[in-house]
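Residues per chain, in single letters:
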Amino acid sequence: MHGDSAALVADARPVLGVSELRYSVAGRSLFAGLDLAVCRGESVAVTGPSGSGKSTLLSCVLGLVRPESGAVEVAGASMGGMKGKALAVHRSRAIGMVFQFGELLPELTPVDNVALAALLAGTDRTEAYSRAASLLEELGVPAGTATQDLSGGERQRTAVARALINSPTLLLADEPTGALDRASRDRVAELLFAMPARHNCGLLVATHDTDVARRADRMVRLEEGKLSPVIDPAGAR
């Protein structure tokens with residue numbers, strides 16, 4: 001096989017592969033054999049009722065929660081096969097995470113918040129700050145504003161920049177618009193779902209908001225331990 005063709009085949013492999021995932025909490029089966037794949041350039045939204053396990057699924061992908069059985073692979077590596085420093089290093093390099101409330105440090109500037117993630121991953125200081133400033137400019141965050149003075153939408157855009165700083169193959173977002181007003185929600189959602197094509201990564205979003213979820217390339221519903229495709233998002237409220 002020619003080199004270019006081999007590269008295309010390799011790139012077509014999922015950046016996230018979840019197979020036969022099983023996990024129980026307090027005697028209740030939260031995951032009963034889940035299967036999910038996300039590829040580069042693709043966005044997938046997971047919806048479902050409160051308590052169905054959307055956030056726990058993301059925690060399994062991050063390697064923070066160990067399932068009872070099944071496999072989670074990110075960027076070709078088994079999250080269950082790594083521990084300690086090896087897991088932390090792979091997580092920081094391969095995965096970017098956007099939380100509902102941003103989880104930014106208010107005492108730092110936006111560029112400090114974004115660059116910190118790169119510095120912790122071992123990036124040179126000059127390069128880390130250069131990339132942080134470039135991402136914030138791309139995402140429309142005012143450079144001269146203190147983090148504590150940013151609007152809710154600006155804080156979430158800063159959180160997206162922080163998640164992208166290490167050029168992850170997989171971007172995760174847990175209710176990323178849940179704390180925003182409608183106008184800010186729409187702007188952040190539009191930006192977030194543009195990231196797979198713009199940065200050649202996969203995107204998995206957990207959200208209760210169908211209006212946000214329908215922006216994804218695919219939408220699945222998590223309920224009673226199973227994932228099922230949503231064919232008609234407009235009718236899935």
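Notes on the structure in this doc start here. (Residues numbered from 1 in each chain as written. Predicted model: local features only at pLDDT ≥ 70, side-chain atom pairs only at ≥ 80, totals over all residues. Heavy atoms only, no water.)

### Quick word on the nonpolar core
At step 1: In terms of nonpolar packing, the biggest core is built from 34 residues, with Val98, Val160, Ile165, Leu171, Leu192 and Met195 touching the most fellow members.
At step 2: Looking at this core, the elements that each hand over two or more residues are helix 4 (110-120), helix 5 (125-138), helix 6 (152-164), strand 7 (170-174), helix 7 (182-199), strand 8 (202-206) and helix 8 (210-213).
At step 3: Once residues within four sequence positions are removed from consideration, leucine 192 is found in contact with Val160, Leu171, Ala173, Pro176, Leu203 and Val205.
At step 4: Counting residues in hydrophobic clusters, the runner-up holds 32 residues, among them Leu34, Met79, Met97 and Leu172. (Core = buried A, V, L, I, M, F, W, Y, C linked by side-chain atoms within 4.5 Å. Buried < 20%, exposed > 50% of the residue type's maximum accessible area, 1.4 Å probe, protein only. Helix = DSSP H or I, 4+ residues; strand = E, 2+ residues; numbered from the N terminus. Contact = heavy atoms within 4.5 Å.)

### Here we look at unusual backbone geometry
At step 1: The phi dihedral of alanine 26 is positive, around 50°, even though this residue is not glycine.
At step 2: Here alanine 26 is to be found in the loop between strand 1 (16-25) and strand 2 (28-38).
At step 3: Phi is positive for serine 167, which is not a glycine, with a value near 50°.
At step 4: Look at serine 167 and you get exposed, because its relative accessible area is 56%.

### Structural notes on the packing of aromatic side chains
At step 1: Summed over the entire model, instances satisfying the criterion amount to one aromatic pair.
At step 2: Between the aromatic rings of tyrosine 23 and phenylalanine 31, the centroid separation amounts to 6.3 Å while the plane-to-plane angle is 40°, which identifies the pairing as tilted. (Phe/Tyr/Trp six-rings, centres within 6.5 Å; stacked < 30°, edge-to-face > 60°.)

### Details of the pairing of strand 8
At step 1: Counting buried residues in strand 8 gives five out of five residues, a clear majority hidden from the surface.
At step 2: Burial along strand 8 is two-sided: Gly202, Leu204 and Ala206 facing one way and Leu203 and Val205 facing the other are all buried.
At step 3: Where strand 3 (residues 43-47) meets strand 8, four bridges bridge the pair, whose relative direction is parallel. In the strand pairing of strand 8, valine 46 is matched with alanine 206.
At step 4: Summarising the sheet, strand 7 and strand 8 pair through five bridges and their orientation is parallel. Bridge pairing links leucine 172 to leucine 204 in strand 8. (Pairing = 2+ DSSP bridges.)

### So, the packing of helix 4 against helix 5
At step 1: One way to put it is that helix 4 packs onto helix 5 with a least axis distance of 8 Å and a crossing angle of 130°. Relative to helix 5, helix 4 is oriented oblique. The chirality of how helix 4 crosses helix 5 is right-handed. Contacts from Pro110, Val111, Asp112, Val114, Ala115, Ala118 and Leu119 of helix 4 reach helix 5 at Arg125, Ala128, Tyr129, Ala132, Ala133 and Leu136.
At step 2: Among the residues making up the contact of helix 4 with helix 5, the classes are represented as 11 nonpolar, no polar and two charged. (Axes fitted to C-alpha atoms, helices over the stretch in contact; angles between N-to-C directions. Parallel < 35°, antiparallel > 145°, perpendicular 65-115°, else oblique. Left-handed = near helix turned anticlockwise from the far one by under 90°. Nonpolar A, V, L, I, M, F, W, Y, C, P; charged D, E, K, R; others polar.)

### Details of the side chain of threonine 147
At step 1: Within the secondary structure layout, threonine 147 lies in the loop between helix 5 and helix 6.
At step 2: Since its relative accessible area comes to 3%, threonine 147 is described here as buried.
At step 3: Those residues in contact with threonine 147 that sit more than four places away from it in its chain are Leu104, Leu105, Pro106, Leu108, Thr109, Pro110, Asn113 and Arg155.

### Side note on the sheet that holds strand 2
At step 1: Strand order in the open sheet formed by four strands is 2-1-4-5, and the pairing between neighbours is antiparallel. With one partner strand each, in any of the chains shown, strand 2 and strand 5 (77-78) form the two edges of the open sheet.
At step 2: Relative to strand 2, strand 1 runs antiparallel, the two being bridged by eight bridges. Looking at the pairing, glycine 17 lines up with alanine 37 of strand 2.
At step 3: Set on the sheet, helix 2 (residues 54-62) makes contact with strand 1, strand 2 and strand 4 (69-74); between it and strand 2 the angle comes to about 60°.

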